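Descriptive structure summary
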Amino acid sequence: MPSNEPVLVTGAAGGQQGSTGRHVVRLLLDRGQAVRAFVRTDDERAAVLRGMGAQVVVGDLREITDVLAAVRGVRRAFFTYPVTDGLLDATGVFAAAARREGLERVVEVSQLAAAPDAGTPRMRQHWVAEEVFDRAEVGAVHLRAGVFFENLDFLVRAGGGRELAMPLGAPDTVLPLIAGQDVARVGAGLLADPMPSCSDPVVLLTGQVLSVAEIVETFGGGLKYVDASPEQWRERAMSLYGDAHVVAHLDKLWELFRLIGSHHELYEVTSSIERFGGRGPGTLREFVRGRLG
């Protein structure tokens, strides 16, 4: 039976980068699990969470007083932070609060190639965040996820559905992809009651590997791929995202994929999605159909 002790879920309001926190709230509530939803702003999205049955707490993940109050009385938590400045500040605060309150599992969203020598500053920060959580001894599990379908969808919409302009080189360049909902399903599964064993604290999450040409064909609607130069990408990205941190990360990320090119063998669909999420990964085609439906 689900526990009456709430699971704390950060990033619960959701956003344009996958909304994993919001999906985790829904998935846990569907299981009959009590949820405490942490949001930055008490707006209409928070009202929706309350309507779903979640307890909503408002605060700043970088502020220790807010986080200590949020973790009090919980033993499990889902941690995610948007692609913007502040990840390591929020990680340090959350890890300290989680250790103080004796949390037994923290599932946190990382990135597929997080490492101290990773090719983007954000990936390197994610590796540091993983280390911080590990040293806090709070049962951390790190979800190293590929590129979200939602990130591509944002760029397709930004191009008016007519073009996907990215500096990825030839159309046979491949990307490791995953649905934000699949990341959330794995997170919810790892936070379920009773919690499944997880011998490896790093869980790799890739749901599908597609070339740029296959991505464009899947979105359909006459979508064309435009191999933008890095300079063109950076200029346009600043107007799209309005955040230098996001642009710096994506600029380096697309460069890595451009250099890797068509080496499909470097990526594989991971069994952990079905193991912890309850079913196999969704496909980009299913995502597009759901988006249009």
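Below or above, wherever it landed, is the structure these notes cover. The residue numbering used here restarts from 1 in each chain and proceeds along that chain's sequence as written. Where local features are concerned, this predicted model is filtered to residues with pLDDT of at least 70; where side-chain atom pairs are given and counted, the filter is 80 or more; whole-chain, interface and lining totals use all residues. To get the side-chain values, all heavy atoms of the structure are used, and hydrogens and water are removed first.

Some details on the overall build of the chain
Of the regular secondary structure elements, the chain holds twelve helices and twelve strands. Taken over C-alpha atoms, the radius of gyration comes to 19 Å for the chain, in line with the 19 Å a tight globule of 293 residues would show. Overall size of the chain, expressed as C-alpha extent along the three principal axes, is 50 × 40 × 40 Å. Counting over 293 residues, the chain shows a buried share of 53%. A helix here means a DSSP run of H or I that spans at least four residues, while a strand means a run of E at least two residues long, and both kinds are numbered starting from the N terminus. Just to be clear, the radius of gyration here is over C-alpha atoms, and the globule rule we use is 2.2 Å times residues to the power 0.38. Under the scheme applied here, a residue whose accessible area is under 20% of the maximum for its type counts as buried, over 50% as exposed, and between as partly exposed, the area being computed with a 1.4 Å probe on protein chains only.

Things to note about the sheet that holds strand β2 (residues 35–39)
Note on pairing: two strands pair once DSSP finds at least 2 bridges between them. With parallel pairing, the seven strands of this open sheet are ordered in space as β3-β2-β1-β4-β5-β6-β10. Looking at strand neighbours, the two that pair on one side only are β3 (55–58) and β10 (202–205), the edges of this open sheet. When the angles between neighbouring strand axes are averaged without regard to direction, this sheet yields 20°. Where strand β1 (residues 7–9) and β2 come together, three bridges link them in parallel fashion. Interaxial angle, 0 to 180 degrees, is taken between N-to-C directions of lines fitted to C-alpha atoms, where a helix line uses only the stretch in contact.

Quick word on the nonpolar core
By nonpolar core is meant a set of buried Ala, Val, Leu, Ile, Met, Phe, Trp, Tyr and Cys residues that side-chain atoms within 4.5 Å join together. Among the nonpolar cores identified, the biggest contains 37 residues, and I215 and W254 are the most heavily contacted of them. At six residues, the largest contribution of residues to this core is made by helix α10 (residues 244–260). Should any heavy atoms of two residues lie within 4.5 Å, those residues are counted as being in contact. Beyond its immediate sequence surroundings of up to four residues, W254 is in contact with V147, L155, M166, P167, L168 and W233. Grouped together as the second largest cluster of nonpolar side chains are 35 residues, V24, L29, V35 and L190 included.

Digging into the packing of helix α6 (residues 149–158) against helix α9 (residues 230–241)
In the contact formed by α6 and α9, the axes pass within 12 Å of each other and the chain directions differ by 95°. Accordingly, the angle class assigned to the pair α6 and α9 is roughly perpendicular. Of α9, the residues touching α6 (which contributes F154, L155 and A158) are W233, R236, L240 and Y241. In the scheme used here, Gly and all other residues not listed as nonpolar or charged are polar, with Ala, Val, Leu, Ile, Met, Phe, Trp, Tyr, Cys and Pro taken as nonpolar and Asp, Glu, Lys and Arg as charged. Within the contact of α6 with α9, the residues separate by chemical class into six nonpolar, no polar and one charged. The scheme is simple: roughly parallel for angles under 35 degrees, roughly antiparallel for over 145, roughly perpendicular for 65 to 115, oblique for anything else.

Some points on the side chain of T10
Structurally, T10 is set in the loop between β1 and α1 (20–30). What makes T10 buried here is its relative accessible area of 0%. Within the local environment of T10, its side chain forms a polar contact with the backbone nitrogen of T80, the two atoms lying 2.9 Å apart. Leaving out residues up to four positions away in the same chain, T10 has contacts with G21, F38, L61, F78, F79, T80 and F94. Here a polar contact means two N or O atoms within 3.5 Å. Within protein one must be a hydrogen donor candidate and the other an acceptor candidate, and residues neighboring in sequence count only if both atoms are side-chain atoms.

Things to note about unusual backbone geometry
You will see that E137, though not glycine, has its phi angle at about 55°, which is positive. Along the polypeptide, E137 turns up in the loop between α5 (121–136) and β6 (140–145). What makes E137 exposed here is its relative accessible area of 60%.

Some remarks on the environment of T206
Looking at the element boundaries, T206 is found in the loop between β10 and β11 (208–211). The contact partners of T206, leaving out residues within four places of it in the chain, are L112, P176, L177, I178, E268, V269, T270 and I273.

Considering helix α2 (residues 44–52)
Here α2 starts with a cap whose side-chain oxygen sits 3.0 Å from the backbone nitrogen of R45, and that cap is D43. G53 sits one or two positions beyond α2 and adopts a positive phi of about 110°.

Let's talk about the packing of aromatic side chains
We describe a pair of aromatic rings using the distance from one ring centre to the other and the angle between the two ring planes. Any two of the Phe, Tyr and Trp rings considered here, Trp counted by its six-membered ring, make a pair once their centres fall within 6.5 Å; the pair's planes then place it as stacked at under 30 degrees, edge-to-face at over 60, or tilted in between. Tallied over the entire structure, the rule returns nine aromatic pairs. Plain terms: the ring middles of W254 and F257 are 6.3 Å apart, the flat faces sit at 35° to each other, and that makes the pair tilted. One end of the pair is W254 and the other is F257, both in helix α10 and three residues apart, which spans about a single turn. Taken individually, W254 and F257 each receive the classification buried, so the pair is uniform in this respect. Every member of this aromatic cluster is reached through a ring pair, and the members are F154, W233, Y241, W254, F257 and Y267.

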